[in-house]
Amino acid sequence: MPKPQADERELLNVKFEAAYNAFKYQDFDSAIPQLRALLYPKPRLDLRRELRGREWLAAALWWTNKRDEALDEFTALLLKQPAARLDPAQYPPKMIEDFEQRRRRLVDTGILTAEAVAGDPLLLPEVGRPEPPPLGLMLFPMGVGQFANREPGKGWLFLAGEALLAGSSLGMYWYNAEAGLNGPRPLRNDVVQISTGAAFWLVAGWGVWDAVSTWRQKWPERAQESPRP
């Protein structure tokens, strides 16, 4: 039975290919909404295809006389990859001039640096993509996987929740040990100790599952190379 994540990646591949074909054959009325669906409200593509998709979307908007929207997409492309270039064999000189003017404006306003734009002159070089963290880090509790996945907000939540539950369970363990020296202790104390301990392992397992799932979604190319833990 196919895995859901594999199905999702395949569906994205099909949608990306369809958007590319619409753009290639200058069916811009179809290409624009297809590309927007892949890029908004947040990109669903890996960085390489996201950059290419933004280039196509900007070009399609430019060719359909939506120049302001095209410049917005050129800006989004340059913010992701300041050294991006448009192929003069594929795009008209006026479009390339508009693109370069937008780049100069971003440099002049300090949004981009001259060093950042003076990169490899290849059209869309594969740079800026963060190196995936080791899959093994995803198997640690206490938010380790979330921090490694560059999701500090979730990392702090898992760390605080698991630390609170672990501390409560250990605290009740020592309290019950002390109380046991002086005779029978209330049953509710054991219930609190056991339930907080069980809750810790449930949250820890949830954290590991979340970290592994996020890792596979953010780096699908590496996930395909790695065996499932």
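Here, the structure is the one placed above.
Residues numbered from 1 in each chain as written. Predicted model: local features only at pLDDT ≥ 70, side-chain atom pairs only at ≥ 80, totals over all residues. Heavy atoms only, no water.

Q: Can you help me understand the environment of Phe 23 in this one?
A: On the secondary structure map, Phe 23 appears in helix 1 (residues 4-24). The exposure class of Phe 23 is buried, given its relative accessible area of 5%. Along the chain, Phe 23 and Leu 57 lie 34 residues apart, while their C-alpha atoms are 8.4 Å from each other. Beyond its immediate sequence surroundings of up to four residues, Phe 23 is in contact with Phe 28, Ala 31, Trp 56, Ala 59, Ala 60, Trp 63, Gln 90 and Tyr 91. (Helix = DSSP H or I, 4+ residues; strand = E, 2+ residues; numbered from the N terminus. Buried < 20%, exposed > 50% of the residue type's maximum accessible area, 1.4 Å probe, protein only. Contact = heavy atoms within 4.5 Å.)

Q: Teacher, can you tell me more about the environment of Ile 32 here?
A: Relative to the elements of secondary structure, Ile 32 occurs in helix 2 (residues 28-39). Note on Ile 32: relative accessible area 7%, which makes it buried. Distance from Ile 32 to Ala 58, taken between C-alpha atoms, is 8.8 Å for residues 26 residues apart in sequence. Setting aside its immediate chain neighbours within four residues, Ile 32 contacts Leu 57, Ala 60, Leu 61 and Thr 64.

Q: Even after reading the chapter, I still don't get helix 3 (residues 47-63), so can you show me in this structure?
A: Given 3.6 residues per turn, any residue in an α-helix points the same way as the ones three and four places further on. For helix 3, spanning 17 residues, the distance from its first C-alpha to its last is 24 Å, which sits close to the expected 24 Å at 1.5 Å a residue. Taking burial as the measure, the 17 residues of helix 3 include 14 buried ones, the bulk of the element. Two or three places before Arg 48, at the opening of helix 3, Asp 46 has a side-chain oxygen 3.2 Å from that residue's backbone nitrogen. Following helix 3 by one or two positions, Asn 65 adopts a phi angle in the positive range, close to 65°. (Expected span 1.5 Å × (residues − 1). Polar contact = N/O pair within 3.5 Å; in protein donor to acceptor, adjacent residues only side chain to side chain.)

Q: Whenever I open this one, the packing of helix 4 (residues 67-80) against helix 5 (residues 93-108) confuses me. Can you help?
A: Working note: a packed helix pair is described by the angle between its axes plus the distance between those axes. In contact at an axis separation of 10 Å, helix 4 and helix 5 are set at 55° when each is read in the N-to-C sense. Between helix 4 and helix 5, the angle falls in the class oblique. Relative to helix 5, helix 4 is oriented so that their crossing is right-handed. Each of Arg 67, Leu 71, Asp 72, Phe 74, Thr 75, Leu 77 and Leu 78 in helix 4 lies in contact with helix 5, whose residues at this interface are Met 95, Asp 98, Phe 99, Arg 102, Arg 103 and Leu 106. Its residues assigned to classes, the contact of helix 4 with helix 5 shows seven nonpolar, one polar and five charged. (Axes fitted to C-alpha atoms, helices over the stretch in contact; angles between N-to-C directions. Parallel < 35°, antiparallel > 145°, perpendicular 65-115°, else oblique. Left-handed = near helix turned anticlockwise from the far one by under 90°. Nonpolar A, V, L, I, M, F, W, Y, C, P; charged D, E, K, R; others polar.)

Q: Explain the pattern of salt bridges here, please?
A: Pairs can form between side chains of opposite charge whenever their charged atoms are close. One pass over the structure, following the stated rule, counts nine salt bridges. A salt bridge links Glu 73 to Arg 54, with the shortest nitrogen-to-oxygen separation between them at 3.5 Å. Of this pair, Glu 73 sits in helix 4 while Arg 54 sits in helix 3, and the two are 19 residues apart along the sequence. Arg 54 sits in the buried class, given a relative accessible area of 6%. A salt bridge links Lys 94 to Asp 98; the nearest nitrogen and oxygen atoms lie 3.2 Å apart. Placement of both Lys 94 and Asp 98 in helix 5 is noted, with a separation of four residues, approximately one turn of the helix. Relative accessible area serves as the criterion here: at 40%, Lys 94 is assigned to the partly exposed category. If you follow the salt bridges from partner to partner, you end up with Glu 50, Arg 54, Glu 73 and Lys 80 in one network. (Salt bridge = Lys/Arg side-chain N within 4 Å of Asp/Glu carboxyl O.)

Q: Please clarify how the packing of aromatic side chains should be interpreted in this entry.
A: The geometry of an aromatic ring pair is captured by two quantities: the separation of the ring centres and the angle between the planes. Under the counting rule described, the total for this entry stands at eleven aromatic pairs. With centroids separated by 5.9 Å and ring planes inclined at 40°, the aromatic side chains of Trp 63 and Tyr 91 adopt a geometry described as tilted. Linking Trp 63 in helix 3 with Tyr 91 in the loop between helix 4 and helix 5, this pair joins segments that are 28 residues apart in sequence. Overall, Trp 63 belongs to the partly exposed group, its relative accessible area being 33%. One aromatic cluster in this structure is built from Phe 16, Tyr 20, Phe 23, Phe 28, Trp 56, Trp 63 and Tyr 91. For the cation-ring pair, Arg 49 lies above Phe 16, with the distance from its terminal atom to the ring centre recorded as 5.1 Å. (Phe/Tyr/Trp six-rings, centres within 6.5 Å; stacked < 30°, edge-to-face > 60°. Lys NZ or Arg CZ within 6 Å of the ring centre and 35° of its normal.)

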